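Residue-level listing of the chains:
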Amino acid sequence: MSATSPARAKMPSDIAAMKGVSPIVCLTAYTTPMARVVDGHCDLVLVGDSVGMVLHGLPSTLGVTMEMMVLHGRAVARGISRALVVIDMPFGSYEEGPAQAFANAARLMAETGAGAVKLEGGRHMADTIAFLVARGVPVMAHIGLTPQAVNTLGGYKVQGRGDDAQRLRDDAVAVAQAGAFAVVLEKVPATLADEITAMLAIPTVGIGASAGCDGQVLVVDDMLGMFTGFRPKFVRRFGELGAAAEQAVADYAAAVRAREFPGAEHVFASELKEPQK
Ligand code: KIV
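All values derive from a computational prediction rather than experimental measurement.

Cut-offs and rules
Residues numbered from 1 in each chain as written. Predicted model: local features only at pLDDT ≥ 70, side-chain atom pairs only at ≥ 80, totals over all residues. Heavy atoms only, no water. Core = buried A, V, L, I, M, F, W, Y, C linked by side-chain atoms within 4.5 Å. Buried < 20%, exposed > 50% of the residue type's maximum accessible area, 1.4 Å probe, protein only. Helix = DSSP H or I, 4+ residues; strand = E, 2+ residues; numbered from the N terminus. Contact = heavy atoms within 4.5 Å. Near = heavy atom within 4 Å. Polar contact = N/O pair within 3.5 Å; in protein donor to acceptor, adjacent residues only side chain to side chain. 1 Å grid on protein atoms, 1.4 Å probe; cavity = no way out; pocket = protein on both sides within 12 Å on 5 of 7 lines; lining within 4 Å. Sits in = over half its atoms within 2 Å of the grid points. Nonpolar A, V, L, I, M, F, W, Y, C, P; charged D, E, K, R; others polar. Pairing = 2+ DSSP bridges. Axes fitted to C-alpha atoms, helices over the stretch in contact; angles between N-to-C directions. Points joined across faces, edges and corners; volume = space filled by probe spheres on them. Disulfide = S-S within 2.5 Å. pLDDT = per-residue confidence, 0-100. Parallel < 35°, antiparallel > 145°, perpendicular 65-115°, else oblique. Left-handed = near helix turned anticlockwise from the far one by under 90°.

(A) Here's a closer look at the nonpolar core. Ranked by internal contacts, the top residues of the largest apolar core, which has 78 residues, are V117, I129 and L185. In terms of residues, this core owes the most to one element, helix α8 (residues 165-178), which gives 6 residues. The contact partners of I129, leaving out residues within four places of it in the chain, are L119, V139, A141, V175, A178, G179 and A180.

Right, dumping it as structure tokens:
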């Protein structure tokens, strides 16, 4: 290999090797243009099932289908050349058991080009994670608040407070022992997230967890201020693109109504004044 070999996309082993070395930067993406924007800055790009709420207006992630994930996964993979693309397994595509999970994980990876899948759940998903990993499917686990279980959890609540902390420690150990290459910790107390991060050999990626996690992930539309339906406490807006878009559309509407757009520079003459190059 020469010193000038083209950069290759990161692999799950590259992400795992970042633990204790440098923070892992992750964002979601659902489209090719956004994938192109985030690729140069992120180590891992997640095609999250949050796509259902963010782009399709669904009330939760429960209505997201395999077809939606394949379509968005392909679009994202087209825009990525450096980051690892991880794709969410949607609700109902893996919970029946390892064989169902493998069939759907293999389809997601084969049809999108993603390098790994993510699935929600702790101890009860350990056998499935081990089955997938043994058959060539790298798995990122997701514990704490698992949005696909919103109905059994009784809402989007902080998980692992008080006596509930041991459940999360056990979940974290179980998914790591099963072979997950990383684990998302969503909406857990900061001290517990730090404890789990110190305890595990695999990286933790926090969302509403702790700055001490090995990495952070946010929904890209949240941090850009594009998705303004609601604003979780753990989101910092690094931009206000929703407001900027609203203003641009209002300016366009005003310009059309005032017959000020299109201007002379946007329209075509009936005769060519000079030969075209
Ligand atoms: O679906 C998603 O976007 C996620 C992240 C928020 C972790 O699971």
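(B) How the structure looks around the site of the ligand. All residues in the neighbourhood of the ligand are listed as T28, L46, G48, D49, S50, D88, K118, H142, I207, V217 and V219. Between the ligand and the protein, one listed contact pairs an oxygen atom with a side-chain N or O atom of D88 at 3.1 Å. Placement of the ligand is best described as lying within the largest pocket. Residues of the shell around the ligand, tallied by class, amount to 4 nonpolar, 4 polar and 3 charged.

(C) Spatial organisation of the sheet that holds strand β6 (residues 182-186). Read around the closed barrel, 8 strands run β1-β2-β3-β4-β5-β6-β7-β8, paired in parallel fashion. Within the sheet, the average angular offset between the axes of one strand and its neighbour, ignoring direction, is 25 degrees. Taken together, the 4 bridges between strand β1 (residues 24-28) and strand β8 (residues 215-218) define a ladder with parallel strand orientation. Paired with C26 across the strands is V217, a residue of β8. Strands β5 (139-144) and β6 of the sheet are contacted by α8, whose axis makes an angle of about 175 degrees with β5.

(D) Structural detail: the layout of surface pockets. Its boundaries defined by the atoms lining it, the largest pocket holds a volume of some 720 Å³. Elements with a minimum of two residues in the lining of the largest pocket: α3 (51-54), β4 (116-120), β6 and β8. Residue composition of the lining of the largest pocket, grouped by class: 18 nonpolar, 6 polar and 9 charged. Put simply, the second largest pocket is a space of about 240 Å³. Taken together, 17 residues make up the lining of the second largest pocket; nearest its centre are E120, G121, H124, T146 and A149. Taken together, the elements giving at least two residues each to the lining of the second largest pocket come down to β5 and α8. Top contributing element to the lining of the second largest pocket by residue count: α8, with 3 residues. Here the lining of the second largest pocket is built from residues that sort into 7 nonpolar, 6 polar and 4 charged.

(E) Broad picture of the state of the cysteines. All told, the structure shown has 0 disulfides when counted by the stated rule. C42 provides the cysteine sulfur closest to C26, a residue in no disulfide bond, and the two sulfurs are 7.1 Å apart.

(F) Representation of the confidence of the model for the protein within the structure. Averaged over every residue, the pLDDT of the protein is 95; the share at 70 or more is 96%. When mean pLDDT is taken per element in the protein, β6 scores highest with 99 and α3 scores lowest with 96.

(G) Expanded view of the packing of helix α5 (residues 98-112) against helix α6 (residues 126-134). Where α5 meets α6, the axes come as close as 9 Å, and the angle between the chain directions of the two elements is 45 degrees. When the axis of α5 is compared with that of α6, the two are oblique. Viewed along their axes, α5 and α6 form a crossing whose handedness is right-handed. Residues P98, A99, A101, F102 and A105 of α5 form the contact with α6, whose participating residues are D127, T128, F131 and L132. When the residues that make up the contact of α5 with α6 are grouped by side-chain class, the tally is 7 nonpolar, 1 polar and 1 charged.

(H) Summary view of the side chain of T61. Structurally, T61 is set in the loop between α3 and α4 (66-78). Its relative accessible area of 2% is what places T61 among the buried residues. When residues no more than four places from it in sequence are discounted, the contact partners of T61 are D49, S50, M53, P147 and Q148.

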